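Close look at the chain arrangement
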Amino acid sequence: MLLDRAVIEVRSGKGGDGAISFHREKNVPKGGPDGGNGGKGGSIILVARKNVNTLLAYRHSRLLRANDGEKGDKCNRYGHNAEDLYFDVPVGTVIYLEESMQPLFDLNKDGMEAIVAKGGKGGRGNASFKSSRNRLPHIAQYGKPGEQKRLVLELKLLADAALIGFPSVGKSTLLNLVSKANVPTADYPFTTLEPNLGVISLQDGVSSFVLADMPGLIKGASEGKGLGIAFLRHIERCRVLVHIVSMDGQRDPYEDYLAINKELLTYRADLEKRPQIVVASMMDAEGAEERKKEFDKKIGFESLGISAYTEENVSLLMKKIYELVQKTPEFPLFEEGTFGGKKVYNAYLDLAEPPFKILHPSLHKFVITGKVVEDYYRSINLSTDAGIAHLISYLDNLGVEDELEKLGAKDGDLVSILDFEFEYSE
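Remember, predicted model here, so these are calculated numbers, not experimental data.

Judged by how many residues are buried, strand 8 (residues 148-155) sits mostly within the fold: six of eight residues are covered. Note that strand 1 (residues 5-11) and strand 8 share seven bridges and pair antiparallel. Counterpart to Arg11 in the pairing with strand 8 is Gln148.

Right, dumping it as structure tokens:
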């Protein structure tokens with residue numbers, strides 16, 4: 001069973017907290033700080049695998065969850081890093097953020113990885129804060145939180161060319177004839193319920209390409225009618241479309257040709273820009289030659305007539321598809337620059353954003369906001385005076401005090417960051 005869309009929730013692990021500890025040993029009166037750092041939380045990583053061909057494993061909105069990093073300990077013992085978790089998806093899987101459908105990554109090559117939820121960094125223990133100025137630091141950091149988000153996984157098959165057309169025009173029969181796809185066929189509509197792939201080898205024994213059989217489209221498919229809307233996404237990667245219209249006399253081939261092209265245009269993925277080879281199928285049917293002549297006259301060029309029964313022009317069609325695939329460049333699914341590299345989602349620092357902003361909601365009230373400053377605040381252990389002093393020092397170094405002065409802050413004004421409040425002092 002091909003499942004080509006799934007929604008999952010991913011949660012990476014929190015980083016372990018750093019430890020506050022001082023070395024205690026007989027005859028060692030000044031052992032000094034020895035609190036170790038916390039370990040890194042586990043990340044969630046999706047990996048494209050060519051031996052996986054469906055998203056069936058994620059059909060029930062699965063939760064993928066990594067473990068937290070271990071806490072640091074005394075005697076400079078660092079917490080263990082949590083194990084990163086790897087999950088396989090088919091090659092051709094596109095990952096979106098569910099709430100906005102923002103594309104995060106396109107796993108279009110075997111072995112490609114996407115870190116979809118990055119594990120939190122471990123907090124520093126007090127041993128790492130030791131310096132010539134502060135020989136006995138009473139401060140440690142909490143581990144940074146992991147990420148939690150819901151993702152949409154969509155499989156867009158990797159095929160060089162696709163057979164498109166109304167139901168029962170001979171697409172599956174053709175694919176079975178030229179490959180080992182073994183697609184079920186019957187003399188009723190919608191026999192094919194999912195896309196099928198076949199590897200086509202030409203007679204030279206060297207040249208080959210991948211051909212996809214798309215479930216039959218119908219008028220209104222791009223609006224959700226029939227089966228077509230569920231599978232139009234699989235055409236997006238194809239370089240060439242093989243548009244098959246039947247000459248058996250059961251339907252008007254020209255009306256079918258116009259209807260399918262309209263659905264491609266309505267889908268809004270530039271599918272209408274793909275080069276097409278128009279194929280007149282079932283040329284062994286009575287009256288097919290006359291219908292083909294009339295059809296060619298209406299479309300303004302000559303279609304390629306074939307018969308899967310007599311195998312007329314089938315080899316010629318495969319050769320034409322291969323030649324057109326070779327000279328047609330790939331059609332990228334997304335604009336260049338959509339993805340920034342292997343790590344598609346950074347939990348802690350977006351350089352495009354300022355590290356902090358200061359809001360002034362009332363006359364004597366200022367609020368410090370911003371992902372960078374809030375993340376750092378959460379990492380500081382404020383249970384000690386040294387921790388509070390460290391926070392104030394960090395805010396000063398970040399430029400918060402200068403910005404407050406520019407905004408006209410006065411002695412006694414209240415300044416807050418998340419759930420922590422303090423009075424401003426000039």
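Below, the discussion takes up the pattern of salt bridges. Scanning the model with the defined rule gives 19 salt bridges in all. As a salt-bridge pair, Arg150 and Glu98 come within 2.9 Å of each other at their nearest N and O atoms. Remark: Glu98 occurs in the loop between strand 5 (93-97) and strand 6 (102-107) and Arg150 occurs in strand 8; sequence separation between them is 52 residues. Of the charged contacts, one joins Asp256 and Arg251 as a salt bridge, the two residues approaching to 2.7 Å between their closest N and O atoms. With relative accessibility at 41%, the residue Arg251 sits in the partly exposed group. Linked through salt bridges whose partners overlap, the residues forming this network are Arg5, Glu154, Lys156 and Glu236.

Another aspect to go through is the sheet that holds strand 14 (residues 304-305). Strand order in the open sheet made by the six strands is 10-11-9-12-13-14, with mixed pairing throughout. Looking along the sheet, the strands with just one partner apiece sit at the ends: strand 10 (196-201) and strand 14. Bridging between strand 13 (residues 276-281) and strand 14 involves two bridges; their strand directions are parallel. Bridging across to strand 14, Ala280 finds its partner in Gly305. Seen against the sheet, helix 3 (residues 253-266) touches strand 9 (161-164), strand 12 (240-246) and strand 13 and runs at an angle of roughly 150 degrees to strand 12. Relative to the sheet, helix 4 (residues 288-299) contacts strand 12, strand 13 and strand 14, its axis offset from that of strand 13 by approximately 155 degrees.

So, on to the nonpolar core. Residues Leu174, Phe209, Leu317, Met318 and Ile321 are the most contacted members of the largest nonpolar core, which totals 39 residues. Put simply, the parts of the chain that give this core at least two residues each are strand 9, helix 1 (171-178), strand 11 (208-213), strand 12, helix 3, strand 13 and helix 5 (314-327). If you tally residues by element for this core, the top one is helix 5, at seven residues. Not counting residues within four places of it along the chain, the set of residues in contact with Leu174 comprises Leu163, Ile244, Ile306, Val314, Leu317 and Met318. Residues Leu46, Ala66, Ile95 and Leu157 belong to the second largest nonpolar core, which totals 25 residues.

Taken in spatial order, the three strands of this open sheet run 4-2-7, and their pairing is mixed. What marks the edges here is a single partner per strand, and that holds for strand 4 (85-90) and strand 7 (113-117). Across this sheet, the average inter-strand angle for adjacent strands is 30 degrees, counted without regard to direction. As defined by bridge partners, strand 2 (residues 44-49) adjoins strand 7 across four bridges and the pair is classed as antiparallel. Considered in strand 7, the bridge of Val47 is made with Glu113.

The next thing to look at is unusual backbone geometry. The phi torsion at Cys75 lies on the positive side, around 60 degrees, for a residue other than glycine. The phi dihedral of Glu311 falls on the positive side, at around 65 degrees, and the residue is not glycine. Along the polypeptide, Glu311 turns up in the loop between strand 14 and helix 5.

With respect to the helices and strands, Ser307 occurs in the loop between strand 14 and helix 5. Looking at Ser307, its side chain comes within polar contact range of the side chain of Asp284, at 2.7 Å. At a separation of 3.1 Å, a polar atom in the side chain of Ser307 contacts the main-chain amide nitrogen of Thr310. Leave out the neighbours within four places in its chain, and Ser307 touches Met283, Asp284, Glu312 and Val314.

The rules behind these values
Counting restarts for each chain: residues are numbered from 1 in the order of the written sequence. In view of the model being predicted, local features appear only for residues whose pLDDT reaches at least 70, and side-chain atom pairs are presented and counted only at 80 or more, with totals across whole chains, interfaces and linings using the full set of residues. For side-chain calculations, the full set of non-hydrogen atoms in the structure is used, while hydrogens and water are omitted. Buried, partly exposed and exposed residues are distinguished by accessible area as a fraction of the type maximum, computed with a 1.4 Å probe on protein chains only: under 20%, between the cut-offs, and over 50%, respectively. Only DSSP runs of H or I reaching four residues or more are called helices, and only runs of E reaching two or more are called strands; each is numbered from the N terminus. Here the rule is simple: two strands pair whenever DSSP picks up at least two bridges between them. Here, a salt bridge means any side-chain nitrogen of Lys or Arg that lies within 4 Å of a carboxyl oxygen of Asp or Glu. Working rule for contacts: check all heavy atoms of both residues, and any pair within 4.5 Å makes them a contact. To obtain an axis, a line is fitted to C-alpha atoms, over the contacting stretch when the element is a helix, and the angle between two such axes runs from 0 to 180 degrees between their N-to-C directions. We define the nonpolar core as a collection of buried residues of types Ala, Val, Leu, Ile, Met, Phe, Trp, Tyr and Cys that are connected through side-chain atoms lying within 4.5 Å of one another. We define a polar contact as two N or O atoms separated by no more than 3.5 Å, with the added condition that, inside protein, one atom must be a possible hydrogen donor and the other a possible acceptor, whereas residues neighbouring each other in sequence contribute only through side-chain atom pairs.

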